[in-house]
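Structure assessment
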Amino acid sequence: MTLIRLEHVTKVYHTGEVPVTALRGITLEIGKQAFVSFIGPSGSGKTTLLNLMGVLDKPTEGNLLINGVNISSLGRAEAATFRANTLGFVFQNFNLIPVLTVYENVEYPLLLVKHVPAEERRRRILTLLEKVGMVDQKDKYPNRISGGQKQRVAVARALVTNPQVVLADEPTANLDHATAFKVIGIMHEMQKEFGTTFIFSTHDAKIVGEAEILYTLEDGVLVNQETKNRN
Amino acid sequence: MRHLVKIAVRNLFRYKRRTLLTSSLIAFGVILVIVFGGLAISFKTQMVGILTNTALGDLQIHSKGYVESIDNLPLNLTLPGNTLAKVEQSLHQSPYVAAYSPRIKFGAMISNYAQTSNIRLSAVYPEMENKTCPGLVNRIKKDLPNPHQFIRPGEILAPDNLMKGLGLKVGDEIVLIATNKDGSVNGLTLHISAFIESVLGPAGKDGYIHIDDAKTLLRMNEPEIVEIAVHLKNFDQLNTAFNELKKEMVAPESNIEVHSWEQLSPFASIARIVDLLILVVKVILISIVLVSILNIMTMSVYERISEIGTIAAIGTRPRRILMLFLMEGFAMGLLSTTVGVVIGLGLLWLMNLAPIDFTFGMMQVSLAPSIPAREVILITTIVMLVSIFASLQPAYKASKMEPVDALGHV
Ligand SMILES: Nc1ncnc2c1ncn2[C@@H]1O[C@H](COP(=O)(O)OP(=O)(O)O)[C@@H](O)[C@H]1O
Ligand SMILES: [Mg+2]
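Quick summary incoming for the structure in this document. This one's a predicted model, so the numbers in the text were calculated from it and none came from an experiment.

Let's shift gears to the site of ligand 1. All names here are of chain A. Around ligand 1 sit Tyr13, Thr15, Val20, Ala22, Pro41, Ser42, Gly43, Ser44, Gly45, Lys46, Thr47 and Thr48, and those are all the residues in its vicinity. Take Thr15: an N or O atom from its side chain is 2.5 Å from a nitrogen atom of ligand 1. The separation between an oxygen atom of ligand 1 and a polar side-chain atom of Lys46 is 2.9 Å. Relative to its unbound accessible area of 550 Å², ligand 1 is 66% covered by the protein chains. Those elements that place two or more of their residues in the shell around ligand 1 are strand 2 (20-31) and helix 1 (46-53). With 3 residues, helix 1 is the largest single contributor of residues to the shell around ligand 1. Classifying every residue of the shell around ligand 1 by side-chain character gives 4 nonpolar, 7 polar and 1 charged.

Let us now look at unusual backbone geometry. Outside of glycine, negative phi angles account for most residues, and trans bonds account for most peptide bonds. Backbone geometry places A:Phe94, a non-glycine residue, at a positive phi of 70°. Within the secondary structure, A:Phe94 sits in the loop between strand 6 (87-90) and helix 3 (102-112).

A ring pair, where both rings are aromatic, is described by two values, the distance of the centres and the angle of the planes. Summed over the entire model, instances satisfying the criterion amount to 6 aromatic pairs over all chains. Centre to centre, the rings of A:Phe38 and A:Tyr215 are 5.0 Å apart; their planes meet at 15°, and the pair counts as stacked. Within this pair, whereas A:Phe38 is found in strand 3 (residues 35-39), its partner A:Tyr215 is found in strand 9 (residues 213-218), the two being separated by 177 residues in sequence. Exposure class is identical for A:Phe38 and A:Tyr215. Each is buried. Through a chain of ring-to-ring contacts, the aromatic side chains of A:Phe35, A:Phe198 and A:Phe200 assemble into a single cluster. Just above the ring of B:Tyr15 sits the side chain of B:Arg18; from NZ or CZ to the centre is 4.4 Å.

Right, let's get into helix 10 (residues 305-313) of chain B. Residues and elements named next belong to chain B. Burial of helix 10 is extensive: 8 of the 9 residues sit out of reach of the surface. Residues of helix 10 that are buried: Ile305, Glu307, Ile308, Gly309, Thr310, Ile311, Ala312 and Ala313. One or two residues past the end of helix 10 sits Gly315, with phi positive at roughly 110°.

In this section: empty space enclosed by the protein. Tallied over the full model, the rule gives 5 cavities of 30 Å³ or more. As a volume, the largest cavity reaches approximately 90 Å³. Residue lining of the largest cavity: A:Ile97, A:Tyr108, B:Ile7, B:Asn11, B:Arg304, B:Glu307, B:Ile308, B:Ile311, B:Leu324 and B:Phe325, and that is the complete set. Secondary structure elements with two or more residues in the lining of the largest cavity: helix 1 (2-12), helix 10 and helix 11 (318-353) of chain B.

Our next topic: the pattern of salt bridges. Residues and elements named next belong to chain A. Counted according to the given criterion, the structure contains 29 salt bridges over all chains. Its salt-bridge partner being Glu170, residue Lys46 comes within 3.8 Å of it at the nearest N-O pair. Here the residue Lys46 occupies a position in helix 1, and Glu170 occupies one in the loop between strand 7 (165-169) and helix 6 (177-194), the gap between them amounting to 124 residues.

Attention shifts here to helix 12 (residues 373-399) of chain B. Because an α-helix packs 3.6 residues into every turn, residues spaced three or four apart end up facing the same way. If you check helix 12 of chain B, its first and last C-alpha atoms are 37 Å apart, about what 27 residues at 1.5 Å a residue would give, namely 39 Å. In helix 12 of chain B, a bend of some 40° at B:Leu392 exceeds every other bend along the element, and B:Pro394, a proline, comes one to four places later.

Moving on, we come to the sheet that holds strand 9 of chain A. All names here are of chain A. Taken in spatial order, the 6 strands of this open sheet run 6-7-8-3-9-10, and their pairing is mixed. Two strands bound the open sheet, and with one partner strand each, they are strand 6 and strand 10 (221-227). The sheet shows a mean angle of 20° between the axes of neighbouring strands, direction not considered. Sheet topology note: the strand 9/strand 10 ladder contains 6 bridges and is antiparallel. Bridging from a neighbouring strand, Thr216 pairs with Asn224 of strand 10. Contacts between helix 6 and the sheet are confined to strand 3, strand 7 and strand 8 (197-202), with strand 8 contributing the most and set at about 160° to the helix.

Here we come to the environment of B:Glu129. For B:Glu129, the location among the structural elements is in helix 4 (residues 126-132). If we skip the residues at most four places from it in the chain, B:Glu129 touches B:Ser101, B:Arg103, B:Val124, B:Leu136, B:Phe150 and B:Tyr208.

All names here are of chain B. Two elements in contact, helix 10 and helix 11, have axes whose closest approach is 10 Å; the angle formed by their N-to-C orientations is 140°. One element, helix 10, and the other, helix 11, form an angle in the oblique class. As helix 10 runs across helix 11, the sense of the crossing is right-handed. Along the contact surface, helix 10 presents Ile308, Ile311 and Ala312, while helix 11 presents Ile321, Leu324 and Phe325. Residues of the contact of helix 10 with helix 11, tallied by class, amount to 6 nonpolar, no polar and no charged.

Conventions we followed
- Residues numbered from 1 in each chain as written.
- Chains lettered and ligands numbered in written order.
- Predicted model: local features only at pLDDT ≥ 70, side-chain atom pairs only at ≥ 80, totals over all residues.
- Heavy atoms only, no water.
- Near = heavy atom within 4 Å.
- Polar contact = N/O pair within 3.5 Å; in protein donor to acceptor, adjacent residues only side chain to side chain.
- Areas by Shrake-Rupley, 256 points an atom, 1.4 Å probe, with all protein chains shown as cover.
- Helix = DSSP H or I, 4+ residues; strand = E, 2+ residues; numbered from the N terminus.
- Nonpolar A, V, L, I, M, F, W, Y, C, P; charged D, E, K, R; others polar.
- Phe/Tyr/Trp six-rings, centres within 6.5 Å; stacked < 30°, edge-to-face > 60°.
- Buried < 20%, exposed > 50% of the residue type's maximum accessible area, 1.4 Å probe, protein only.
- Lys NZ or Arg CZ within 6 Å of the ring centre and 35° of its normal.
- 1 Å grid on protein atoms, 1.4 Å probe; cavity = no way out; pocket = protein on both sides within 12 Å on 5 of 7 lines; lining within 4 Å.
- Points joined across faces, edges and corners; volume = space filled by probe spheres on them.
- Salt bridge = Lys/Arg side-chain N within 4 Å of Asp/Glu carboxyl O.
- Expected span 1.5 Å × (residues − 1).
- Bend = angle between axes of the 7 residues up to and from the residue.
- Pairing = 2+ DSSP bridges.
- Axes fitted to C-alpha atoms, helices over the stretch in contact; angles between N-to-C directions.
- Contact = heavy atoms within 4.5 Å.
- Parallel < 35°, antiparallel > 145°, perpendicular 65-115°, else oblique.
- Left-handed = near helix turned anticlockwise from the far one by under 90°.

Set out below in structure tokens:
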């Protein structure tokens, strides 16, 4: 049950004066309902890799398929639709929309996918806010809640469209340790409950314990893969 | 859509001070257009009203070539009997015409036996003239029990500038001396029944006598009419009526010409300048809206790059991002115009409590400004369209941002 497949994926940035090769020949497969972590030092290529799997960027060489769709074939608008329907995102800086309340932030992605009746929308949003423990804060604006709370809202927002994959690039980098654990814990619970594949990156070796599959990146190369038994 | 509006409006109120500043600027422009437009339009309307209702009529009909030599008031370019009958018949049948008045216009000498001066005269049938120029009686400095008889045979209504020049009084006897079209000179004694206020333009300084007196003075068997002034039922249909009447009456063999008041009064060019000034003020408004909306929307986009990245990343299509920012510019324009229109109309209302009185070209004008609804709608539409136009470039820029780059931007 392969969900994401990378075949010899290479990414070269030509932004600066010298080209930077951020990823070199990555080949891997991620299945459904997986809880995957990429670890590696800063600059090792984690963000680049998650951007590719998030259909935010395209590989320079090689193929990246999600659900059998080669993402290189998607145009800008198609890619956006694909992201809205298939993927969820959690960001390092939380990235909630400041002018929307907690409830409205979670609602936002639902307005981008078609045909979710208002009643169903409401039920889904409240269920998720309940699960991440934010339902009593639903009418607050993002600047009124803490970083940990923001990230929990972000997890709810990422899940509201029932995506197949949630991508989280260093979701705990701006959180203290205890909060970071809680957020990863919530992500893990959601993965079990909804069967969503979670892919997150971190450079913090202490919080990767939760991951079931752990990839290690170094200088754009996949150097190690560990699989833990599910419990 | 509803959600886009919500986000756009909330973003607008996010930077309260900046929004307030920009919308005040636009509102100020709208107020300027409304107040200036209100004053200018009502000045124009009132002036045109005075000229057409008290002297010119809305349209005039002459024999061909008359208007070209109107300064000489020629008596040989008359509307001959059969032509006159046809013209009168057309005027009777026209759905646009409310009334008309045949006139004989001529120049004469006026003497009080001590001094002599020149005078322009309109000889009229008082009842027809009163129906055609109902405002004329307001210019007469005398109470008239029956306005339909504002002039009777044996009387003259003298222009008030002559009153000072010749030292005339009501009731004085004067002699009119005129040359008829055959060149023979004749005189007629009349009494001054009242003085009449002047209005702008040569025809505004005419004295009035009864048409029967003109017949006697100019030794005519039948009144030889040189001018027919026409009063329309609806002044707003001036152009339609003008074209219709022209089509009906003016043929190569007919020897008739039709003119609208605009072709006969020097005020028409002032009216055009007033229109031009209104246009200039509108252009200023458009520039204000363009620059300030462009400025505020460009700032909005630059400040919110990472937010744009976020919504793009989670799947907002470029077109929707474009719409979001267009909506924001539109909301800004709408807010500002609404405030501007309310304040502008409020100011006009206040000005109506104390109308401004002044004299323009010897005419007493009392300005109670008002602005036609269609002007207000036009201004609002212009501001809205310009707001959207000015937001286009920043909104397009936002929609073109790559989520990866935008997200990386802090
Ligand atoms: N937009 C870019 N332009 C040029 N080089 C980049 C860009 N993004 C990342 N890189 C480079 O690619 C390499 C991998 O970066 P990144 O994927 O951000 O690593 P990580 O997320 O593990 O810190 C680094 O050397 C970085 O400098
Ligand atoms: Mg990174």
